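Coordinate inspection notes
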Amino acid sequence: MFNIRQFAALAPDSYQQLHYHEQLESTNDEAHRLANEGVEHGSIVLADYQTQGRGRRGARWMSGPGDGLLFSMVLRPEFDQSYYGRIALAAGLAIAAVLREEFHIQAELKWPNDVLVSGKKCCGVLVESKDGYVVLGVGINVCNTPDKNHFVAVNDVVSKQVSREKLLAHLLPSIMKHVDHCATEFDSQLRQIEGMSYLHGKQICFLSGDVQYQGSVQGIASDGSLIVTVDGELTHFAQASDVRVVGD
Ligand code: BTN
């Protein structure tokens, strides 16, 4: 079980804004409910277990009790909606930076919203916006994952086990800082993202709309879209799914 007392001692400021539940259907759903009640920017919903955890594009997010960090933040950004496409990237950067700097784990970023460790996904980010607020949901496999073929848990690849309480205590202020600054400091964030990018320079195939594309990744644009050379032409993709490195 998540040790709430230990977390409160490690991160007293974040603890003030934390709504902890042993079990929820989805922390994103609970965050939407609280946002509609008027909770403040930076409020956090954390659950030890979700029965209906949601991923992007209608996928499920599977995590056993105590296996991961499952949380959502209510954001009331001061910046314009046109920058919302940057939020998932800024959050991913914050997560990968904490894993690298605090825990010495060589995390990489896979556009648009995955954090990889040892080439497999350990974390996904789900951003949903409505009526002037944003819910930022984060799922990180820390102790275990039910699907070891496609995912990895942080503690599968480290010699010194990472505690969920300590990881969350580092993540929350870092995510807030990166998201709050994504409108004004995105150029610098993009340089850091490209430095940790799993896809950079690789030949990939993916779906955008219903069309299958293949091309080589050049970078990420200031609106958060992926820049790919397809048939010799630089093309920007705001959305893509099933992004795979050719030959992997
Ligand atoms: C993805 O990779 O598709 C995004 C996964 C996001 C999962 C997290 S777990 C906490 C929060 N609550 C949810 O229902 N989903 C997000």
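Predicted model, so just to flag it, every value in this text is computed and none were measured.

Calculation criteria
- Residues numbered from 1 in each chain as written.
- Predicted model: local features only at pLDDT ≥ 70, side-chain atom pairs only at ≥ 80, totals over all residues.
- Heavy atoms only, no water.
- Salt bridge = Lys/Arg side-chain N within 4 Å of Asp/Glu carboxyl O.
- Helix = DSSP H or I, 4+ residues; strand = E, 2+ residues; numbered from the N terminus.
- Buried < 20%, exposed > 50% of the residue type's maximum accessible area, 1.4 Å probe, protein only.
- Near = heavy atom within 4 Å.
- Polar contact = N/O pair within 3.5 Å; in protein donor to acceptor, adjacent residues only side chain to side chain.
- Areas by Shrake-Rupley, 256 points an atom, 1.4 Å probe, with all protein chains shown as cover.
- 1 Å grid on protein atoms, 1.4 Å probe; cavity = no way out; pocket = protein on both sides within 12 Å on 5 of 7 lines; lining within 4 Å.
- Sits in = over half its atoms within 2 Å of the grid points.
- Nonpolar A, V, L, I, M, F, W, Y, C, P; charged D, E, K, R; others polar.
- Lys, Arg positive; Asp, Glu negative; His and termini not counted.
- Contact = heavy atoms within 4.5 Å.
- Phe/Tyr/Trp six-rings, centres within 6.5 Å; stacked < 30°, edge-to-face > 60°.
- Lys NZ or Arg CZ within 6 Å of the ring centre and 35° of its normal.

**Structural notes on the pattern of salt bridges**
Scanning all chains against the criterion turns up eight salt bridges. With its nearest N and O atoms 3.0 Å apart, the salt bridge here joins Asp48 to Arg164. In this pair, Asp48 is assigned in strand β2 (residues 43–50) and Arg164 in helix α5 (residues 164–180), connecting sequence segments 116 residues apart. Of the two residues, Asp48 and Arg164, neither departs from the other in class, the shared state being buried. Between Arg244 and Asp242 there is a salt bridge, and its shortest N-O distance comes to 2.8 Å. Since its relative accessible area comes to 48%, Arg244 is described here as partly exposed. The class of Asp242 is partly exposed, set by a relative accessible area of 43%. Through salt bridges with shared partners, one network takes in Asp29, Arg54 and Glu128.

**Some words on the site of the ligand**
If you check the shell around the ligand, you find 20 residues, and the closest are Ser26, Gln50, Arg54, Arg56 and Lys121. Here Gln50 contributes a side-chain N or O atom positioned 2.9 Å from a nitrogen atom of the ligand. Residue Lys121 places a side-chain N or O atom 2.5 Å away from an oxygen atom belonging to the ligand. If the ligand stood free it would expose 420 Å²; the protein chains cover 97% of that surface. Because more than half of its atoms lie within 2 Å of the grid, the ligand is assigned to the largest pocket. Elements with a contribution of two residues or more to the shell around the ligand: α3 (27–37), β3 (68–75), β6 (120–130) and β7 (133–141). A total of four residues in the shell around the ligand trace back to one element, the largest contributor, which is β6. Residue composition of the shell around the ligand, by class: six nonpolar, 11 polar and three charged.

**What about the side chain of Asp67?**
Along the polypeptide, Asp67 turns up in the loop between β2 and β3. An unpaired buried charge is present at Asp67: no salt bridge exists, and Arg164, the closest side chain of opposite charge, is 7.5 Å distant. Here Asp67 is in contact with Asn141, Val142, Cys143 and Asn144, once residues within four sequence places are set aside.

**A look at unusual backbone geometry**
A cis amide bond links Trp111 to the next residue, Pro112, at an omega of 5°. Although it is not a glycine, His104 sits at a positive phi angle of roughly 55°. Here His104 shows up in the loop between α4 (87–103) and β4 (108–110). Within the chain, Ser118 stands out as a residue other than glycine whose phi angle is a positive 50°. Relative to the assigned elements, Ser118 resides in the loop between β5 (114–117) and β6. On the basis of relative accessible area, Ser118 is assigned to the exposed category, the value being 58%.

**Focus on the packing of aromatic side chains**
Any pair of aromatic rings gets described here by the distance separating the centres and the angle formed by the planes. With the rule as written, the count across this model stands at eight aromatic pairs. Ring centres 5.8 Å apart and planes at 55° place the aromatic pair Phe2 and Phe7 in the tilted group. Both residues of the pair, Phe2 and Phe7, count as buried. Pairing Tyr213 with Phe237 gives two aromatic rings, centres 4.8 Å apart and planes at 65°, and the pair type is edge-to-face. With Tyr213 in strand β9 (residues 211–220) and Phe237 in strand β11 (residues 233–237), the pair connects residues that are 24 residues apart, well separated along the chain. Residue classification places Phe237 among the buried positions, given a relative accessible area of 5%. Positioned above the aromatic ring of Tyr198, the side-chain terminus of Lys202 is 3.9 Å from the ring centre.

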